[in-house]
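Structure assessment
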Amino acid sequence: MKNIFNTDWHIHTEASYDATLTLAELIKRAGETGITEFGVTEHVNYPFNIAHLQRSGAALKKIRREMPDLKIHLGVELSPNSNFAQTYTLSREWDPDTPLFYGMIKEFLPGYGGIPELVEKSNEEAKPYLLSLTEEQLRENRVEYVVAAVHYVLNNGVPKREEIIKNWHEQQMLCATDSRVDIVGHPWWVPWNWKIQCIDTERGAYPRELSWVDDFSVIPQSMHDEFAAALIENDKRAEMNISFYSSDWFSETAKYQYAEYLRGLFEKGVGITAGTDSHDVYEPQQKICAKYLSAAGFKAGDFTKPKFREYE
């Protein structure tokens, strides 16, 4: 039986601040698991994190010389972030290896050494949300494609679920309409916020009753329709991220509902890419994903590639 997907466009390696996966292990495991083409996408949450992208680019350049037939690509993962937080980081010098706590500078995190006035401003002055790299920086580093993915609920204190959903949708629409973005990563992933009691205190994930992890149908269909229309109009892909199926964050009901949601995007004409979002080990989990995706009508060959930027 064919794997339901054989490409992977969302992978982090040891060049990123939060990953330990080596390129050698990635290449080995990709070959063993039937992944024939893939890309590396280190996080660049803040402008100074460009150093991680540059490390990744240098490592890929070396590998390509050694293995010219290997189908490996240089991508990057950006995330909408607080306007205030991004502007604040631009106004100061930072060590490229400044510790980040689940993607955020500790100054903006209550309970993690956060500075109260910075925490407050980062939330109050979050909009308009910003992505961290310019088009010129993407060209200079010869980035072939950009994944942009929402990670945090911003501009909120302790909101109702409806407010969390609205905030998440706003940020996804930014990703779906920004000219720099090629793939919107893990749409409707687990929402995080640092002000309230959590499912996982260390990660900062919302309690289930404020989220959609038990019942994906709480998200209005109108938002899905608007998102799909934006993706199609702007020629962008949406990502099927294996963490929805390989983790226990989502209920069985929500996993099947999420597969139906992706199928709905696909049937409207949205290209769907596969992404493992690997950080420390490389396990594509095709069989686990197929359990849910096949039930929604997906089959091998339905998953696509990003639209690559071309360089001379």
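For the structure, check the block above.
Residues numbered from 1 in each chain as written. Predicted model: local features only at pLDDT ≥ 70, side-chain atom pairs only at ≥ 80, totals over all residues. Heavy atoms only, no water.

Section: the overall build of the protein
Regarding its fold elements, the protein presents 10 helices and nine strands. Principal axes of the C-alpha set define a box for the protein whose edges measure 55 × 45 × 35 Å. Within the span of the protein, comprising 312 residues, buried residues form 57% of the whole. Pairs at least 24 residues apart make up 80% of the contacts formed inside the protein by residues separated by at least 6 positions. Taken as a whole, the protein presents about 13400 Å² of accessible surface, with 50% of it coming from carbon and sulfur. (Helix = DSSP H or I, 4+ residues; strand = E, 2+ residues; numbered from the N terminus. Buried < 20%, exposed > 50% of the residue type's maximum accessible area, 1.4 Å probe, protein only. Contact = heavy atoms within 4.5 Å. Areas by Shrake-Rupley, 256 points an atom, 1.4 Å probe, with all protein chains shown as cover.)

Quick word on helix α3 (residues 83-90)
Among the residues of α3, Phe84, Ala85, Gln86, Tyr88 and Thr89 are the ones counted as buried. On the buried face of α3, the contacting elements are β5 (104-105) and α4 (116-124). Two or three places before Phe84, at the opening of α3, Ser82 has a side-chain oxygen 3.2 Å from that residue's backbone nitrogen. (Polar contact = N/O pair within 3.5 Å; in protein donor to acceptor, adjacent residues only side chain to side chain.)

Describing the packing of helix α6 (residues 161-177) against helix α7 (residues 221-233)
Direction vectors running N to C along α6 and α7 enclose 10°, while the axes themselves pass 9 Å from each other. Here α7 runs roughly parallel to α6, going by the angle between their axes. In this structure, α6 uses Ile165, Lys166, His169, Gln172, Met173, Ala176 and Thr177 to contact α7, whose residues at the interface are Met223, Glu226, Phe227, Ala230 and Leu231. Residue composition of the contact of α6 with α7, by class: seven nonpolar, three polar and two charged. (Axes fitted to C-alpha atoms, helices over the stretch in contact; angles between N-to-C directions. Parallel < 35°, antiparallel > 145°, perpendicular 65-115°, else oblique. Nonpolar A, V, L, I, M, F, W, Y, C, P; charged D, E, K, R; others polar.)

Observations regarding the nonpolar core
Judged by nonpolar contacts, the single largest core of 90 residues is most densely connected at Trp188, Met240, Tyr245 and Leu293. With seven residues, the single largest contributor to this core is α6. (Core = buried A, V, L, I, M, F, W, Y, C linked by side-chain atoms within 4.5 Å.)

What about the pattern of salt bridges?
If you walk through the whole model with that rule in mind, you get 18 salt bridges. One salt bridge connects Asp97 with Arg55, and the closest N-O pair in it is separated by 2.9 Å. Of the two residues, Asp97 sits in the loop between α3 and β4 (100-101) while Arg55 sits in helix α2 (residues 50-66), which places them 42 residues apart along the sequence. A salt bridge links Glu267 to Arg263; the nearest nitrogen and oxygen atoms lie 3.1 Å apart. Note that Glu267 and Arg263 are positioned in helix α9 (residues 252-268) at a spacing of four residues, about one turn of the helix. Glu267 sits in the exposed class, given a relative accessible area of 59%. For Arg263, a relative accessible area of 12% translates into the label buried. What emerges from the salt-bridge pattern is a single network uniting Lys28, Arg29, Glu32 and Glu283. (Salt bridge = Lys/Arg side-chain N within 4 Å of Asp/Glu carboxyl O.)

Some remarks on the layout of surface pockets
Of the pockets and cavities examined, the second largest pocket occupies roughly 180 Å³. In terms of lining, the second largest pocket is formed by Gly57, Ala58, Leu60, Lys61, Arg64, Leu74, Asn141, Arg142, Glu144 and Tyr311. Tallying contributions element by element places α2 first for the lining of the second largest pocket, with five residues. Within the lining of the second largest pocket, the residues separate by chemical class into four nonpolar, two polar and four charged. (1 Å grid on protein atoms, 1.4 Å probe; cavity = no way out; pocket = protein on both sides within 12 Å on 5 of 7 lines; lining within 4 Å. Points joined across faces, edges and corners; volume = space filled by probe spheres on them.)

Some thoughts on the pairing of strand β8 (residues 237-241)
Counting buried positions along β8 gives five out of five residues, so the element sits mostly inside the fold. Every second residue of β8 is oriented toward a common face, with Arg237, Glu239 and Asn241 on one face and Ala238 and Met240 on the other, all of them buried. As paired elements, strand β7 (residues 183-185) and β8 share two bridges and run parallel to each other. Directly across from Ile183, in β8, lies its bridge partner Arg237. Pairing of β8 with strand β9 (residues 272-275) involves four bridges; the strand directions are parallel. For Met240, the partnering residue across the bridge sits in β9 and is Ala274. (Pairing = 2+ DSSP bridges.)

Observations regarding helix α10 (residues 286-295)
Gln286, Cys289, Ala290, Tyr292 and Leu293 are the residues of α10 that are buried. Contacts made by the buried residues of α10 are with α1 (23-33), β8, α8 (243-246) and α9. In the segment just after α10, Gly297 is the residue with positive phi, at about 105°.

Re the sheet that holds β8
Ordered in space as β1-β2-β3-β6-β7-β8-β9, the seven strands form an open sheet in which the pairing is parallel. Unpaired on one side and paired on the other, β1 (7-8) and β9 mark the two borders of the sheet. As paired elements, strand β2 (residues 37-43) and strand β3 (residues 72-78) share six bridges and run parallel to each other. Bridge pairing links Gly39 to His73 in β3. Those strands touched by α1 are β2 and β3, and its axis lies near 150° from that of β2.

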